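# Fold and contact review
Now for the letters of each chain:
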2 protein chains.
Amino acid sequence: MEGLSHPAIMAHSDEANAACFGAPELREEKSPTRCRTNSRRGLSDPGRRSYPPVEAVRRALEILRAVNRLRIASVTAIHAATHLPKPTIIRMLETLMADGYVARDNMFGGYRVTCKVHELTKGYDGISMIIEASRAPAIELTRRIKWPIGIGVLDGLAISIQFWTGAISPWAHTSTVLGLRPALLSSAMGRAYMAFCPDDEREKILACLRTDPLQDFDLEKETKFRQLLARLRNGGSCGFAVRDPRTEPKQMTTLAMPLMFEDRVLAAISVSFYKSAVPLQNISKQIVAPLSETRQKIEENLALLMRGTGIHGDAIEPVPHGLAPLAPG
Amino acid sequence: MEGLSHPAIMAHSDEANAACFGAPELREEKSPTRCRTNSRRGLSDPGRRSYPPVEAVRRALEILRAVNRLRIASVTAIHAATHLPKPTIIRMLETLMADGYVARDNMFGGYRVTCKVHELTKGYDGISMIIEASRAPAIELTRRIKWPIGIGVLDGLAISIQFWTGAISPWAHTSTVLGLRPALLSSAMGRAYMAFCPDDEREKILACLRTDPLQDFDLEKETKFRQLLARLRNGGSCGFAVRDPRTEPKQMTTLAMPLMFEDRVLAAISVSFYKSAVPLQNISKQIVAPLSETRQKIEENLALLMRGTGIHGDAIEPVPHGLAPLAPG
DNA sequence: TATCGCATTTCGCGGTACGAAATGGATAAG
DNA sequence: CTTATCCATTTCGTACCGCGAAATGCGATA
């Protein structure tokens, strides 16, 4: 119960990083040099750290975790759980109370967390979880087929690209695509999203497209677009969308599939490759099949991660079972 | 969007505390002396603190909050959001990464939170949220009717009492009931729980009761108990359960109602009073009606708090809208 | 190649967090 | 009522740790 970290998913320092600088056939990294966020080399492992972790912070978080586990926590109980000295525990609880994460009250006889702790978690659902589920499989896929993989989520009337393996692909056509926002109508990921999202969501988005002056989305285009989406849906579960061939870069093409949980499309995954490098009759075996396998792996990971989230029905655990005495009456 | 703290609920330092040591007709508190968790006096306001808050911790939490808001955060973006010096931001991110709350990766170009942040939140659903929703209304009710109020949740085959206003009731019969576990079958809160919980849950619990050797729960008792529960349910929404008169203390009685969200019973609320002090024909007006109002207030609060939790359907927000450029193709 | 932006690191000072020991509030037992 | 005991909280002086201005240097862009 404690080990929510799914090892197969969390592989940030294992296979995934091996894929980053281990893989000599892709890119001969020298010694694990520094990792910088603004680098696009695909590095991820910090190597040595310049700063030692701030102890006070680690302790505070450990205490906050303990209060979460205990539900209603006394100083002694936290001490038993953490082995931190009591003055430290009180100092930290006082700090957490000052910022409103924890409340104390002898009307319930202890400390408890407040709804403000949600602000420490809120951002996880969404792209963070999707990257967590996608990172390792996407890197593995790039190692295998060599072409760069992208992951994007819906953002207004476009797809926002939030993850890209171009750094470890030998044939990436550009330095980065992170943060780019390909259009819903013409991009592969946008089409994959629109084809597989729930009907009511699709209608809502189409209505937005109709009223958006930037789109030039007339009735004829809408009809054609709906036909395109219907064709995609009927392609079955291994259906994939293709980028409008009239969009740049024209010497490449992009295929995309939705990443789903239950009936929702959480994100889309894409592969881009030079048309000339993959003969039409090989696309199915060289691109679509591996992509489909990867999609499936990611969706399994997503399902696992969604369990831990409380995003779906059955939350509200009982209090941890009582050492408490049975009542007299 | 930022102010998730519902002021009417969060009233820990306002009306609720006023109810604690403000109310002179209940208890003449002298100067707001110290608050200690193990006191049962009902105090809650810290007065002066001996420790100043630990700055490092506040900063780390501020940064973690910022990363949550940004979804994918660069150092500069965090700096813009928090105005903390960049070395501090990096030091804290490094600390958060060391403990696994945050991950960095230039494959997505920034820092993001990981699923481990859930451990900082997990404990909120359940008793913490229920107390948050109940505290102020329960205290107000005690001020009004003078009798002590209790809140309990299901814990195995008993109710675990997690909140009690005896400290501010002039007529509390005992020093504390916190942590006591009155039985499901005989207690008012247990009966209220069983009467209004979903059918499948009730059947599951009854099955447990049948097989529990401690319970002596034979078929005849079960039949009678089911009849009791059915009668309670048919009492309508202001239906309340009564403690088995054969249980201690016999000179008192206890009435209880469920605290529900959608079709689930999250907890139960009770009032205890001396039988001799409230004539039978006054119980409805003096006890049941005020209790029912309080119940309704608490359930409204619970509904509000559940919204913020992601416990029900529609989570997964889109990424915060893009300053990002539109894609070329 | 040169230039720039920005993530990261250095380093020495100053204050702040540490925790053993003391305090005293509160309950439980007699 | 008094005493014993438990435990949350506070004191206080020292050691150390976090602070942040300034320096560094990687990577991107032209």
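Computed from a prediction, not measured in an experiment: that's the story for all the values here.

## Overview of the overall build of chain A
Within chain A, the secondary structure is distributed over 9 helices and 7 strands. Among the 329 residues that make up chain A, the fraction classed as buried is 44%. A separation threshold of at least 6 residues defines the contact pool for chain A, and within that pool the share at least 24 residues apart is 57%.

## Quick look at the confidence of the model for chain A
Residue and element names in this part refer to chain A. Of all residues in chain A, 78% have pLDDT values of 70 or greater, and the mean over the chain is 80. pLDDT under 50 marks residues 1–5. Its contacts with residues more than four places away, or in other chains, come to 6 contacts. Per-residue pLDDT stays below 50 along residues 311–329; that stretch engages in 43 contacts with residues further than four places along the chain or on separate chains.

## Side note on helix 6 (residues 188–196) of chain B
Summarising burial for helix 6 of chain B: 9 of the 9 residues are buried, a large majority. Those residues of helix 6 of chain B not exposed but buried are Ala188, Met189, Gly190, Arg191, Ala192, Tyr193, Met194, Ala195 and Phe196 of chain B.

## Details of the sheet that holds strand 3 (residues 149–155) of chain A
Residue and element names in this part refer to chain A. Ordered by their spatial adjacency, 5 strands build an open sheet running 4-3-7-6-5, and the pairing between neighbours is antiparallel. A strand with exactly one partner marks an edge of an open sheet, and here the two such strands are strand 4 (158–164) and strand 5 (241–242). Relative to strand 7 (residues 264–274), strand 3 is paired through 4 bridges, and the arrangement is antiparallel. Bridged to Ile151 within strand 7 is Ile269. Strands strand 3, strand 4, strand 6 (252–261) and strand 7 of the sheet are contacted by helix 5 (residues 127–145), whose axis makes an angle of about 155° with strand 3.

## Some details on the nonpolar core
By size, the foremost hydrophobic cluster in this structure holds 161 residues, and its most contacted members are Ala192 of chain A together with Ala192 of chain B. Not counting the four nearest positions on each side in its chain, Ala192 of chain B is found in contact with Phe240, Ala241, Ala256, Met257, Pro258 and Ala268 of chain B.

## Side note on the packing of helix 5 of chain A against helix 9 (residues 283–307) of chain A
Residues and elements named next belong to chain A. In contact at an axis separation of 9 Å, helix 5 and helix 9 are set at 155° when each is read in the N-to-C sense. With respect to their mutual orientation, helix 5 and helix 9 come out roughly antiparallel. Along this stretch, helix 5 crosses helix 9, giving a crossing that reads as right-handed. Counting all contacts with helix 5, which are made through Met129, Glu132, Ala133, Ser134, Pro137, Ala138, Leu141, Arg144 and Ile145, the residues of helix 9 involved are Gln286, Ile287, Pro290, Leu291, Thr294, Lys297, Ile298, Asn301, Leu302 and Leu305.

## Let's talk about the domain arrangement of chain A
In terms of domains, chain A is made up of domain 1 (55–120) and domain 2 (127–307). The centre of domain 1 of chain A, based on its C-alpha atoms, is set 44 Å off from the matching centre of domain 2 of chain A.

## What about the sheet that holds strand 3 (residues 149–155) of chain B?
All names here are of chain B. Across the sheet, 5 strands lie side by side as 4-3-7-6-5; this open sheet has antiparallel pairing. Two strands close off the open sheet at either side, each with one partner strand: strand 4 (158–164) and strand 5 (241–242). The pairing of strand 6 (residues 252–261) with strand 7 (residues 264–274) spans 10 bridges and is classified as antiparallel. When the sheet's bridge partners are listed, Thr254 is paired in strand 7 with Ser272. Its contacts with the sheet place helix 9 (residues 283–307) against strand 6 and strand 7, and it is angled at close to 30° to strand 6.

## Considering helix 9 of chain A
Residues and elements named next belong to chain A. Between the first and last C-alpha of helix 9 there are 35 Å, a value that for 25 residues agrees with the 36 Å anticipated at 1.5 Å per step. Buried within helix 9 we find Leu291, Thr294, Arg295, Ile298, Glu299, Asn301, Leu302 and Leu305. Looking at the buried residues of helix 9, the elements they touch are helix 5, strand 6 and strand 7.

## Description of the pairing of strand 6 of chain A
Judged by how many residues are buried, strand 6 of chain A sits mostly within the fold: 7 of 10 residues are covered. Following strand 6 of chain A, the chain reverses through 2 residues before pairing antiparallel with strand 7 of chain A; Glu262 of chain A in that reversal takes a positive phi of roughly 50°.

## Remarks on the pairing of strand 3 of chain B
All names here are of chain B. Summarising burial for strand 3: 6 of the 7 residues are buried, a large majority. Bridging between strand 3 and strand 4 involves 6 bridges; their strand directions are antiparallel. Directly across from Asp155, in strand 4, lies its bridge partner Ala158. Between strand 3 and strand 4, which pair antiparallel and follow one another directly, the connecting turn spans 2 residues, one of which, Gly156, has a positive phi of 65°.

## As for the environment of Ala167 of chain A
Relative to the helices and strands, Ala167 of chain A is located in the loop between strand 4 and helix 6 (188–196). Taking the number of C-beta atoms within 10 Å as the measure of exposure, Ala167 of chain A has 22 and is therefore buried.

## Here we look at unusual backbone geometry
All names here are of chain A. Residue Pro249 is bonded to the preceding Glu248 through a cis peptide linkage, with omega at -10°. Relative to the elements of secondary structure, Pro249 occurs in the loop between strand 5 and strand 6. Residue Glu262 is not a glycine yet carries a positive backbone phi of 50°. Note on Glu262: 10 C-beta atoms within 10 Å, which makes it exposed.

## Considerations on the environment of Trp171 of chain A
Residues and elements named next belong to chain A. By the element assignment, Trp171 lies in the loop between strand 4 and helix 6. Each C-alpha atom, one on Trp171 and one on Ser272, is 9.8 Å from the other, the two residues being 101 residues apart in sequence. The contact partners of Trp171, leaving out residues within four places of it in the chain, are Lys146 and Trp147.

Reading guide: rules and limits
- Residues numbered from 1 in each chain as written.
- Chains lettered and ligands numbered in written order.
- Predicted model: local features only at pLDDT ≥ 70, side-chain atom pairs only at ≥ 80, totals over all residues.
- Helix = DSSP H or I, 4+ residues; strand = E, 2+ residues; numbered from the N terminus.
- Buried ≥ 20, exposed ≤ 12 C-beta atoms within 10 Å, placed from the backbone.
- Contact = placed C-beta atoms within 7 Å.
- pLDDT = per-residue confidence, 0-100.
- Pairing = 2+ DSSP bridges.
- Axes fitted to C-alpha atoms, helices over the stretch in contact; angles between N-to-C directions.
- Core = buried A, V, L, I, M, F, W, Y, C linked by C-beta atoms within 7 Å.
- Parallel < 35°, antiparallel > 145°, perpendicular 65-115°, else oblique.
- Left-handed = near helix turned anticlockwise from the far one by under 90°.
- Domains from an automatic or database assignment.
- Expected span 1.5 Å × (residues − 1).

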